[in-house]
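Coordinate inspection notes
Spelled out, the chains give:
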Number of protein chains: 2
Amino acid sequence: MSYSPPDPNLLSLNTATVREKWNLRQMIDGCARHGICGISPWRDKLAELGAKEAAKRIRDRGLTVTGLCRGGMFPAADRKGRRAAIDDNLRAIDDAAMLEAKCLVLVVGGLPEGSKDLEGARTMVRDGIGEVLDHARSAGVPLAIEPLHPMYCADRACVNTMAHALDLCDELGAGLGIAVDAYHVWWDPGLKNQIERAGDKRLLAFHICDWLVPTMDLLTDRGMMGDGVIDLPLIRSWMEQAGYRGFHEVEIMSASNWWKRDADEVLATCRVRHQTAC
Amino acid sequence: MSYSPPDPNLLSLNTATVREKWNLRQMIDGCARHGICGISPWRDKLAELGAKEAAKRIRDRGLTVTGLCRGGMFPAADRKGRRAAIDDNLRAIDDAAMLEAKCLVLVVGGLPEGSKDLEGARTMVRDGIGEVLDHARSAGVPLAIEPLHPMYCADRACVNTMAHALDLCDELGAGLGIAVDAYHVWWDPGLKNQIERAGDKRLLAFHICDWLVPTMDLLTDRGMMGDGVIDLPLIRSWMEQAGYRGFHEVEIMSASNWWKRDADEVLATCRVRHQTAC
């Protein structure tokens, strides 16, 4: 199959990619300067600038907010902790609405402190999403469960496969879909089928980066597209076959490499690699 | 459910646990000294002592060889590389037969150098196992596919779930089963069902250690049973419900902790934790 590069206007920047160098204002301006049409902010940076001010600046620059990172983190050791998580998710939904974000990304959370009860944590995730879903529907903010790589099961997200995430979507109904991050799901032998099962209505986001060999850190050693082993064009083709027409959001956490580089260089590299390796 | 400790005679030592301190002769003697009735050697240590000498010494000490680590590593960039892997697996089968090992553990291999063709690698795995299976059957050595954690998909094993491993067993037939390593599969929401699907005939080994939070290294930061988040008694109960009556093999790769400790202390700790956390 010959390689056909994606529409360059579908590139989006997940701001984690340059979080060590820029604040959100710089990120917004950087995207505009580099002709990157989408942006996905994280809430810590959003809080610094303020959601209202951020929304205005993003609109002024003509950018699409491809997602807000992140809600989730539902499991907690006690009722008070779970309630606090719900409240935080409700605020995140309001922020996402103000930004007119395509979705609120849910990193659902792992085991509560001291717990080994994985099934219990998964139940808390289902119940937590269920509690905030009505508010999300009213606000017009689709919730995107992001299945995280199984290496994050204990401490970040106990939903680790597309199949599990889609089971939750089936159970909880409208307003809920999936953020497909190639880094998290590339290994899954059922990936193609599950993307097809999701269908265009539930495919809410597509995140890209690369899996490096060797990977030196579980969290912050992601690669630039093309530097690793993920067949990104193949996964993109599955997304497109399922009807996905949304953005391709670059999210690279890279403490020893990309986070150290000049952020303009990082954005320029994303532009190039989007056209050669995705 | 009240905790009922396992039969202490079912403890086995995977020699990777003390590989930095002892040679195979010391490991064999150490198991006997600590009342550990099973042992699972790695081939590098076996080669140092010689399979024949090792087999005699293990028999003299009355130990059961719960597995030989390891065959596999089937994918390669060219025909010559794949042929070399087959030949190496045939030799591993002969060694396992000489040791009267309960199984030869297969770490099936990842992507060939420079390749992103995951489906192709998985086909090479299937074909490779298929090529050595007759020899294994003749030698009376069951082959145990070990599904490895998805974080090893690129470089160690592209079979990462029980379901995938059992699909291979279904396809290739008798003489093939699974090594269930809790570290690799604990996160899988389908684990209980897949253990049941495997059934006692195909459950060839049960490896134990623990998942630490945080995990600082992808390869060598495994925890002692009880120090992490895996509900080992629960997984053991699923194995037993499926009819598994074999050993519980401790395999801890721990560069910053257990590999540095006195090996007698490590074995003594394994004995205790087997009775309190498994």
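Now for a look at the structure at hand. Everything numeric here is computed off the predicted structure, so don't read it as measured data. (Residues numbered from 1 in each chain as written. Chains lettered and ligands numbered in written order. Predicted model: local features only at pLDDT ≥ 70, side-chain atom pairs only at ≥ 80, totals over all residues. Heavy atoms only, no water.)

For chain A, the helix and strand inventory stands at ten helices and nine strands. A compact globule built from 278 residues would reach a C-alpha radius of gyration of about 19 Å, and chain A, at 18 Å, matches this within 12%. Principal-axis analysis of the C-alpha atoms places the extent of chain A at approximately 45 × 45 × 35 Å. Burial statistics for chain A: of 278 residues in total, 59% are counted as buried. For chain A, the proportion of contacts with a sequence separation of at least 24, taken over those separated by at least 6, is 79%. Mean positive and mean negative side-chain charge positions of chain A (34 and 39 charges, respectively) differ by 3 Å. (Helix = DSSP H or I, 4+ residues; strand = E, 2+ residues; numbered from the N terminus. Rg over C-alpha atoms; globule rule 2.2 N^0.38 Å. Buried < 20%, exposed > 50% of the residue type's maximum accessible area, 1.4 Å probe, protein only. Contact = heavy atoms within 4.5 Å. Lys, Arg positive; Asp, Glu negative; His and termini not counted. Charge placed at Lys NZ, Arg CZ, Asp CG, Glu CD.)

Before going further, it helps to examine the relation of the copies chain B and chain A. Two chain copies here: they are related by a rotation about an axis and a translation along the same axis. Once chain B is rotated about the relating axis by 180° and shifted along it by 0.0 Å, it coincides with chain A to within an RMSD of 0.0 Å. Those values place the two copies in the arrangement expected of a two-fold rotation axis. Most of the interface of chain B is mirrored in chain A, where 100% of its interface residues again form contacts. (Least-squares fit on C-alpha atoms with pLDDT ≥ 70 in both.)

All names here are of chain B. Along the polypeptide, Arg83 turns up in helix H4 (residues 79-98). Residues Arg83 and Gly128, 45 residues apart in the sequence, show an inter-C-alpha distance of 9.0 Å. If near-sequence neighbours (up to four positions away) are discounted, Arg83 is found in contact with Leu90 and Glu131.

Let us now look at the nonpolar core. In terms of nonpolar packing, the biggest core is built from 181 residues, with Trp186(A) and Trp186(B) touching the most fellow members. The residues contacting Trp186(B), other than those within four sequence positions of it, are Leu111(A), Leu118(A), Cys153(A), Ala154(A), Leu191(B), Trp211(B), Val229(B), Ile230(B) and Ile235(B). (Core = buried A, V, L, I, M, F, W, Y, C linked by side-chain atoms within 4.5 Å.)

Turning our eyes to something else, we now look at the interface of chain B and chain A. Contact with chain B, which involves 29 residues of that partner, is made by 29 residues of chain A. At the boundary of chain B with chain A, total buried surface from both sides reaches about 2200 Å², with 70% on carbon and sulfur atoms. Sorting the residues of chain B by area buried against chain A places Lys116(B), Trp187(B) and Leu218(B) first, and these three jointly supply 27% of that buried surface. Linking chain B with chain A are zero salt bridges. Our count for the chain B to chain A interface comes out at two residue pairs in polar contact (both at pLDDT 80 or more). When the residues that make up the side of chain B that touches chain A are grouped by side-chain class, the tally is 14 nonpolar, eight polar and seven charged. (Buried area = accessible area lost by both parts, 1.4 Å probe. Salt bridge = Lys/Arg side-chain N within 4 Å of Asp/Glu carboxyl O. Polar contact = N/O pair within 3.5 Å; in protein donor to acceptor, adjacent residues only side chain to side chain. Nonpolar A, V, L, I, M, F, W, Y, C, P; charged D, E, K, R; others polar.)

Residue and element names in this part refer to chain A. An ideal rise of 1.5 Å per residue puts 32 Å on 22 residues; helix H5 (residues 118-139) measures up with 31 Å between its terminal C-alpha atoms. Along its length, H5 reaches its greatest deviation from straightness, about 35°, at Leu133. Within the sequence span of H5, burial applies to Leu118, Gly120, Ala121, Arg122, Val125, Gly128, Ile129, Val132, Leu133 and Ala136. Two residues or fewer past H5, Gly140 is found with a positive phi of approximately 70°. (Expected span 1.5 Å × (residues − 1). Bend = angle between axes of the 7 residues up to and from the residue.)

Moving on, we come to the sheet that holds strand S9 (residues 248-250) of chain A. All names here are of chain A. Here nine strands make up an open sheet; going across it, the order is S3-S2-S1-S9-S8-S7-S6-S5-S4 and the pairing parallel. Two strands lie at the open edges of the sheet, namely strand S3 (64-65) and strand S4 (68-72), each paired on one side alone. In this fold helix H6 (residues 162-172) packs onto strand S6 (143-145) and strand S7 (176-181), with an angle of close to 165° to the strand it touches most, S7. (Pairing = 2+ DSSP bridges. Axes fitted to C-alpha atoms, helices over the stretch in contact; angles between N-to-C directions.)

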